[in-house]
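This is what each chain is made of:
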Amino acid sequence: MKGNKSTIGTPIKCVKYACEYIYKALTKVYNQSIEQGIVPDILKLSKITPVDKGGDTTDPINYRPISTLSVFTQIFEKLVYRQLLNYIEKYEILYHFQFGFRKGRSTEQAIAEITDNLKNAIDNNLLTSRVFLDFAKAFDTVNHKLLLKKMEMYGIRTASPLVHKLLDK
């Protein structure tokens, strides 16, 4: 990062005022990044703030890092998110009953679905049971190798080979 300065802290207002002058350059950087699967180092910088997840406050494991990204990285993330979401919805990749983290879906709908299933089972004299799991620190337990393989299985091009090498270690 020699000579490069962080873009963290660049006010959104400044970017809005300059957008008609910088949009072509940003579009070129963002498109090349997506096409090549490489994110420029300047967009990887973040300000990290530790947030307590609960438990012993002297144990570093009980903190999760919250990253504050630059406005340029936030714009890039939104572009990638929209492309990924459009792809996932177009090819109906998510399970129909995946209610969390989806636009137009809610916990109320999940409860209604469960209630309907239970009523139907009772009406048909079927044995019914449910298991509900709430994983503490669930994000920390994601198997990234498996996630990348699954993304590739669905036709989503994943990060550069360097990321795969790092995950293989």
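Residues numbered from 1 in each chain as written. Predicted model: local features only at pLDDT ≥ 70, side-chain atom pairs only at ≥ 80, totals over all residues. Heavy atoms only, no water.

What follows concerns the overall build of the protein. Within the protein, the regular secondary structure consists of five helices and two strands. When the elements of the protein are put in sequence order from the N terminus, they spell out α-β-β-α-α-α-α. Split into buried and exposed, the 169 residues of the protein put 13% on the buried side. Considering only contacts within the protein whose residues lie at least 6 apart along the sequence, 44% involve residues at least 24 apart. Element-wise, carbon and sulfur atoms account for 59% of the exposed surface of the protein, whose accessible area totals about 14200 Å². (Helix = DSSP H or I, 4+ residues; strand = E, 2+ residues; numbered from the N terminus. Buried < 20%, exposed > 50% of the residue type's maximum accessible area, 1.4 Å probe, protein only. Contact = heavy atoms within 4.5 Å. Areas by Shrake-Rupley, 256 points an atom, 1.4 Å probe, with all protein chains shown as cover.)

With that settled, consider helix α2 (residues 71-90). Look at α2: 28 Å from first C-alpha to last across 20 residues, which is about the 28 Å you get at 1.5 Å a residue. Taken residue by residue, α2 has V71, F72, T73, F76 and I88 as its buried positions. Packed against the buried residues of α2 are α1 (12-36) and β2 (63-69). Where α2 terminates, the next one or two residues include E92, which has phi positive at roughly 45°. (Expected span 1.5 Å × (residues − 1).)

Turning to the nonpolar core, a few remarks are in order. For soluble globular proteins, nonpolar side chains are generally found buried alongside one another. Ranked by size, the top nonpolar core spans seven residues in total: V15, L26, Y30, L43, V71, F72 and F76. Apart from residues no more than four positions distant in its own chain, Y30 is found in contact with L43, F72, I75, F76 and L79. (Core = buried A, V, L, I, M, F, W, Y, C linked by side-chain atoms within 4.5 Å.)

Below, the discussion takes up the packing of aromatic side chains. This model, assessed by the stated rule, comprises four aromatic pairs. Between Y95 and F97, the aromatic rings sit 5.6 Å apart at their centres with planes inclined by 65°, giving edge-to-face as the arrangement. F97 gets classed as partly exposed once you look at its relative accessible area, which sits at 34%. Chaining the aromatic ring pairs together yields one cluster made of Y95, F97 and F99. (Phe/Tyr/Trp six-rings, centres within 6.5 Å; stacked < 30°, edge-to-face > 60°.)

A separate point is unusual backbone geometry. Despite not being glycine, E92 shows a phi value in the positive range, around 45°. Locating E92 in the fold gives a position in the loop between α2 and α3 (107-123). By relative accessible area, which is 67% here, E92 ends up exposed.

With that out of the way, let us pick up the environment of I48. By the secondary structure assignment, I48 is in strand β1 (residues 46-52). Sequence separation between I48 and L69 is 21 residues, and the spatial gap between their C-alpha atoms is 9.0 Å. Residues in contact with I48, not counting those within four places in the same chain, are P65, I66 and S67.

So, on to α3. Helix length check: α3 (17 residues) gives 24 Å between terminal C-alpha atoms against 24 Å at 1.5 Å per residue, within 8%. A positive backbone phi angle near 55° is found at N125, which sits one or two residues after α3.

Secondary-structure assignment places N62 in the loop between β1 and β2. Here the side chain of N62 touches D56 through a polar contact of 3.2 Å, landing on its backbone oxygen. (Polar contact = N/O pair within 3.5 Å; in protein donor to acceptor, adjacent residues only side chain to side chain.)

Moving on: a nonpolar patch on the surface. On the surface, a nonpolar cluster with roughly 390 Å² of combined accessible area is contributed by V131, L133 and F135. Position of F135 among the secondary structure elements: in the loop between α3 and α4 (144-153). (Patch = residues over 30% accessible without salt bridge, like charges linked within 9 Å, V, L, I, M, F, W, Y side chains within 5 Å. Salt bridge = Lys/Arg side-chain N within 4 Å of Asp/Glu carboxyl O.)

Let's shift gears to the packing of α1 against α2. Orientation of α1 relative to α2, taken along the N-to-C sense of each, is 55°, at an axis distance of 10 Å. Compared by their axis directions, α1 and α2 come out oblique. Read as a crossing pair, α1 and α2 show a hand that is right-handed. Seen from α1, the contacting residues are I12, V15, I22, L26, Y30, S33 and I34; seen from α2, they are V71, F72, I75, F76, L79, V80 and Q83. (Axes fitted to C-alpha atoms, helices over the stretch in contact; angles between N-to-C directions. Parallel < 35°, antiparallel > 145°, perpendicular 65-115°, else oblique. Left-handed = near helix turned anticlockwise from the far one by under 90°.)

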